[in-house]
Amino acid sequence: MASIAVIVWSLYGHISKLSEPIIEGLKKSGANVEVFQFAETLPGEVIEKMHGNKEATASLPVIQPDDLKRFDGYVLGFPTRYGRAPAQVSSFFDQTGALWFSGALVGKFGAIFTSTASQHGGQETTALTTIPWFAHHGIIYVPLGYIAPELNDVESVGGGSAWGASTVAGDGSKQPTKNDLSIALQQGTHFGKVVSQYVKGAAK
Ligand SMILES: Cc1cc2nc3c(=O)[nH]c(=O)nc-3n(C[C@H](O)[C@H](O)[C@H](O)COP(=O)(O)O)c2cc1C
């Protein structure tokens, strides 16, 4: 059975909400799932000034670099910061040098989901600029492709792309849509299946 870590960072809860169907899809595929958060780097008073609400992730264990070794794959979820990953994610990968040096993550699998305020605020660039971490560690990136029919919807504002599930948060009051959640479910199931197939094959 594939073991998959879902690792999130979310300041206003959109990524937490989107992680729910991702987790559901992974479980549906038969994978073992554990959920973590990236360590916070912002001081509490800054989070307060930004009106952040971290309630949804407060009880999640903080991922440590060595935790990565015991999983076959990782689904990373975080909102965009200027079209790329937040510093919290970058700071985590900056601590994984020993894993990189020993090649501990070579042949593992990775996928990404994200969130932006505006429709063209950088969902695809956020995924694209996350891939160097995967590449340097030898982690195999699994895109979503166009397996979800909702990706072809051009009638409404929404997230999702070939790179993975996503949502458009607007001023923060806009929540993941039915389509966003469906795409996330399909991404979870797809990623779980891909990793499971590999794990089964490797065990032969
Ligand atoms: C410093 C900063 C930079 C941001 N950069 C972008 C951006 O480049 N494009 C965009 O659409 N939204 C941007 N946002 C908005 C966040 O992506 C948005 O708040 C987030 O997607 C909501 O997800 P969350 O509820 O999981 O935190 C930025 C927000 C902050 C605080």
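Preceding this section is the structure that the text describes.
Here we summarise the structure given alongside this text. The structure presented is a predicted model; accordingly, all values stated were derived computationally and were not measured.

Reading the values: rules and limits
Residues numbered from 1 in each chain as written. Predicted model: local features only at pLDDT ≥ 70, side-chain atom pairs only at ≥ 80, totals over all residues. Heavy atoms only, no water. Near = heavy atom within 4 Å. Polar contact = N/O pair within 3.5 Å; in protein donor to acceptor, adjacent residues only side chain to side chain. 1 Å grid on protein atoms, 1.4 Å probe; cavity = no way out; pocket = protein on both sides within 12 Å on 5 of 7 lines; lining within 4 Å. Sits in = over half its atoms within 2 Å of the grid points. Helix = DSSP H or I, 4+ residues; strand = E, 2+ residues; numbered from the N terminus. Nonpolar A, V, L, I, M, F, W, Y, C, P; charged D, E, K, R; others polar. Buried < 20%, exposed > 50% of the residue type's maximum accessible area, 1.4 Å probe, protein only. Arc of directions from axis to C-beta. Contact = heavy atoms within 4.5 Å. Axes fitted to C-alpha atoms, helices over the stretch in contact; angles between N-to-C directions. Left-handed = near helix turned anticlockwise from the far one by under 90°.

Attention now goes to the site of the ligand. In the vicinity of the ligand there are 17 residues, among which Ser10, Leu11, His14, Ser115 and Gly121 approach most closely. With respect to the ligand, the side chain of histidine 14 contributes an N or O atom lying 2.6 Å from an oxygen atom. Contact distances for the ligand include 2.8 Å between a nitrogen atom and a backbone N or O atom of glycine 121. More than half of the atoms belonging to the ligand lie within 2 Å of the grid points that define the second largest pocket. At the level of elements, α1 (14-28) and β4 (109-116) are the ones that each hand at least two residues to the shell around the ligand. Within the shell around the ligand, the residues separate by chemical class into 7 nonpolar, 9 polar and 1 charged.

Here we come to helix α3 (residues 87-94). It helps to recall that an α-helix has 3.6 residues per turn; residues three or four apart then point in one direction. Buried within α3 are the following residues: Gln88, Val89, Phe92 and Phe93. With its buried residues spanning 135° around the axis, α3 presents them on a single face. Buried residues belonging to α3 abut β3 (73-79), α4 (97-102) and α6 (131-137).

Within the element layout of this structure, leucine 144 appears in the loop between β5 (140-141) and β6 (166-168). Overall, leucine 144 belongs to the buried group, its relative accessible area being 2%. In this structure, the C-alpha to C-alpha distance between leucine 144 and isoleucine 112, residues 32 residues apart in sequence, is 9.1 Å. The residues touching leucine 144, leaving out its near neighbours within four places in the chain, are Leu151, Ser161, Ala162, Trp163, Gly164, Ala165, Ile183 and Gln187.

A few words now on the packing of α1 against helix α7 (residues 178-203). It is at 7 Å that the axes of α1 and α7 come closest, and there the two elements cross at 35°. Like other packed secondary-structure pairs, α1 and α7 cross with a definite hand, here right-handed. Side by side, α1 and α7 meet where Lys17, Leu18, Pro21, Ile22, Glu24, Gly25, Leu26 and Lys28 of the first sit next to Asp180, Leu181, Ala184, Leu185, Gln187, Gly188, Thr189, Phe191 and Gly192 of the second. Of the residues contributing to the contact of α1 with α7, the split by class is 8 nonpolar, 5 polar and 4 charged.

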